Amino acid sequence: MDDESINKFNLIQDNLKKAISSPNKIPNIICVSKTFPIEKLLPLIKSGHCHFGENKVQEAIHKWKDFKINKPNIKLHMIGSLQRNKVKKAIELFDYIHSLDNQKLADTLKKNEINLKKKLKYFIQVNLGNEAQKSGILYDETKDFVKYCIDEARLDVIGLMIIPPNDTDNIKYFEKIDQLNRDLGFKDLSMGMSGDYMEATKYNSTYLRIGSAILGERKSSY
Ligand SMILES: *Cc1c(COP(=O)(O)O)cnc(C)c1O
């Protein structure tokens, strides 16, 4: 099938394969489909790609709710910050949430998982740059929060997630979060975007969140 998004996707996979010796270490690619309509994603879906990322619950419902019925292979990832009043809908639709970062949210997720009899997989978002306006738990509070989410909220936490500050040196953040992730005994790590997925892969990312490098530039300022 000749489609630009598939060509770009294949190119990314080739880059990863060249850089990584063992095939079972190739990270999953989440195609970040925010702002793009489902029609744009059909070639990738038909070619067998299954991980997609969205950052707004309402948009994701509109795009995926009906489409996802009877397509158990498709895995949806919530990568944007999640308000507590949207948790019920998020649990109904998504398979993974990458933005777990506070206790109240963990409690609300727990309650809704029980009510809906559904378990998701979670990444805990860490605010490594200690940026005031950014989401994510602070680095120093991460260990306690991970423990809370697993032991008290009983959530299936599989790893950490970061969006590095857009300053300069992502490597420094990748290195630090990789170390913490391994200290915590996690095998999965959500990091790396269009501009830095190769570096993220070197630091053991297992879920790359890639949008524009596959689908092209987004129109709105998401
Ligand atoms: C939009 C977004 C991405 C993808 O960004 P690109 O630069 O287009 O690859 C990844 N992660 C999060 C959390 C995002 O919001």
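Please refer to the structure placed before this passage.
All figures in this text were calculated on a predicted structure; none of them were measured in a lab.

Calculation notes
- Residues numbered from 1 in each chain as written.
- Predicted model: local features only at pLDDT ≥ 70, side-chain atom pairs only at ≥ 80, totals over all residues.
- Heavy atoms only, no water.
- Helix = DSSP H or I, 4+ residues; strand = E, 2+ residues; numbered from the N terminus.
- Buried < 20%, exposed > 50% of the residue type's maximum accessible area, 1.4 Å probe, protein only.
- Contact = heavy atoms within 4.5 Å.
- Near = heavy atom within 4 Å.
- Polar contact = N/O pair within 3.5 Å; in protein donor to acceptor, adjacent residues only side chain to side chain.
- Areas by Shrake-Rupley, 256 points an atom, 1.4 Å probe, with all protein chains shown as cover.
- Nonpolar A, V, L, I, M, F, W, Y, C, P; charged D, E, K, R; others polar.

Trainee: How would you explain the environment of Val87 if you had to name every residue and give the values?
Mentor: Tracing the chain through its elements places Val87 in helix 4 (residues 87-93). The class for Val87 is buried, based on a relative accessible area of 0%. Val87 sits 110 residues away from Tyr197 along the chain, and the two C-alpha atoms are 29 Å apart. Beyond its immediate sequence surroundings of up to four residues, Val87 is in contact with Leu82, Leu105, Thr108, Leu109 and Asn112.

Trainee: How would you summarise the site of the ligand if you had to cite specific residues and measurements?
Mentor: Taken together, Val32, Lys34, Ile79, Ile163, Met193, Ser194, Arg209, Ile210, Gly211, Ser212 and Arg218 make up the full set of residues adjacent to the ligand. Interatomic distance of 2.8 Å between a backbone N/O atom of Ser212 and an oxygen atom of the ligand. Arg218 is positioned with one of its side-chain polar atoms (N or O) 2.8 Å from an oxygen atom of the ligand. Notes on the ligand: free accessible area 390 Å², of which the protein chains cover 87%. Tallied by class, residues from the shell around the ligand come to 5 nonpolar, 3 polar and 3 charged.

Taken by themselves, the reported measurements are silent on function.
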